[in-house]
Amino acid sequence: MQLYDASEKYISALTDNLLLYNFRKKRKNCLLRRVNDCNQEIHVLITKLRGTDSIDVRYNVSYSYPTVNKLAAYIQGIPFRKQLATGAFHFIFNPPCEIQYSHVISEKTSEQDVVRLAQEDAQSIEIYFFPLLEKCDTPEKLLVALNEDNNVAKSIVGLGLKEWYQISILLYLGKKDEALKLYDAWVPVAFYGKKALSDEQRNECRYRIETIEKGKKGTTV
């Protein structure tokens, strides 16, 4: 198969196998489903292997709460990155299970083999990742899972600083007193690094938490 045709066939077959679970094609290489307030995505990454007639095909499973992300950015005083997921189950950094995350497909690979690979990946996603996504499909469940499931805790985007998200989820749920209590019991560190905040920075973040307002459709900033 031509490499372009092979990648298209893989994505098409993966989509067909996951339609039963309400995943729909969002963009060329992305499948999406919405569960409650949670956006769950499967990204297919296709890389041309230099000097060969082959491509590397792999996938990444992620989940996102845009409003929680916005709150997390606001209370830290950092830019809000609209496309940033809340959490991702990486195939490179601390993979949650030992499975084959990638395939090398060449022009000699048959259409049947490409379809088979997509079917195997869909099955792996169903077996290994759906249970993890289920633990993240409401803010309440995610809040619990961040303390009880290490795979969920280390999925948080931003060097695993789950505390910022725990505080943000509490604010999202309108539990400001609990958010402040968690914040005061923690030594805050910068989201993009492991350096503890200065007293001035810590006070600024606490002020943002304390002065957040509750709107008609949840906490607003």
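Residues numbered from 1 in each chain as written. Predicted model: local features only at pLDDT ≥ 70, side-chain atom pairs only at ≥ 80, totals over all residues. Heavy atoms only, no water.

> Kindly report on the side chain of S54, identifying the contributing residues and their values.
One can find S54 in strand β4 (residues 54-64). When near neighbours in sequence (up to four residues on either side) are disregarded, S54 contacts L3, T47, K48, L49, V104, I105 and S106. (Helix = DSSP H or I, 4+ residues; strand = E, 2+ residues; numbered from the N terminus. Contact = heavy atoms within 4.5 Å.)

> Requested: an account of helix α1 (residues 3-18), with residues and values cited.
Between its first and last C-alpha atoms α1 spans 23 Å; for 16 residues at 1.5 Å apiece the expected length is 22 Å, and the two agree. Taken together, the buried positions of α1 are occupied by L3, A6, S7, Y10, I11, A13, L14, T15 and L18. As for α1, its buried residues are in contact with β1 (24-27), β2 (30-35), β3 (38-48), β4, β6 (102-106) and α3 (111-134). (Expected span 1.5 Å × (residues − 1). Buried < 20%, exposed > 50% of the residue type's maximum accessible area, 1.4 Å probe, protein only.)

> Residues and numbers for the confidence of the model for the protein chain, please.
Predicted confidence across the protein chain gives a mean pLDDT of 88, with 91% of residues reaching 70 or more. Helix α7 (residues 176-184) holds the highest mean pLDDT among the elements of the protein chain, 96, whereas strand β8 (residues 218-220) holds the lowest, 58. (pLDDT = per-residue confidence, 0-100.)

> How would you explain the packing of helix α6 (residues 162-172) against α7 if you had to name every residue and give the values?
Packing of α6 against α7 leaves a shortest axis separation of 7 Å and a crossing angle of 165°. With respect to α7, the axis of α6 lies roughly antiparallel. The chirality of how α6 crosses α7 is left-handed. The residues of α7 that touch α6, namely those facing W164, Q166, I167, L170 and L171, are K176, E178, A179, L182 and Y183. The residue inventory of the contact of α6 with α7, partitioned by class, reads seven nonpolar, one polar and two charged. (Axes fitted to C-alpha atoms, helices over the stretch in contact; angles between N-to-C directions. Parallel < 35°, antiparallel > 145°, perpendicular 65-115°, else oblique. Left-handed = near helix turned anticlockwise from the far one by under 90°. Nonpolar A, V, L, I, M, F, W, Y, C, P; charged D, E, K, R; others polar.)

> Go over the side chain of T138 with me, naming the residues and quoting the values.
Its location among the elements puts T138 in the loop between α3 and α4 (139-148). With sequence-adjacent residues up to four places away left out, T138 is seen in contact with N36 and Y65.

> Report on the nonpolar core, specifying residues and quantitative values.
Core analysis: the largest hydrophobic core is formed by 60 residues, its most contacted members being Y10, L14, L18, I42, Y63 and F129. Not counting chain neighbours up to four residues away, the residues in contact with I42 comprise L14, L18, F23, N29, C30, L31, Y59, N60, V61 and I125. (Core = buried A, V, L, I, M, F, W, Y, C linked by side-chain atoms within 4.5 Å.)

> Which residues make up α4, and what values go with them?
Where α4 is concerned, the buried positions are P139, L142, L143, A145 and L146. Along its buried surface, α4 packs onto β4, α5 (150-153) and α6.

> Please give an account of the layout of surface pockets that cites residues and values.
In this structure, the largest pocket occupies an estimated 340 Å³ of space. For the largest pocket, the lining is made up of 17 residues, of which E41, S64, Q83, L84 and A85 are closest to its centre. Elements represented by at least two residues in the lining of the largest pocket include exactly β1, β3 and β4. Split into classes, the residues belonging to the lining of the largest pocket amount to six nonpolar, seven polar and four charged. (1 Å grid on protein atoms, 1.4 Å probe; cavity = no way out; pocket = protein on both sides within 12 Å on 5 of 7 lines; lining within 4 Å. Points joined across faces, edges and corners; volume = space filled by probe spheres on them.)

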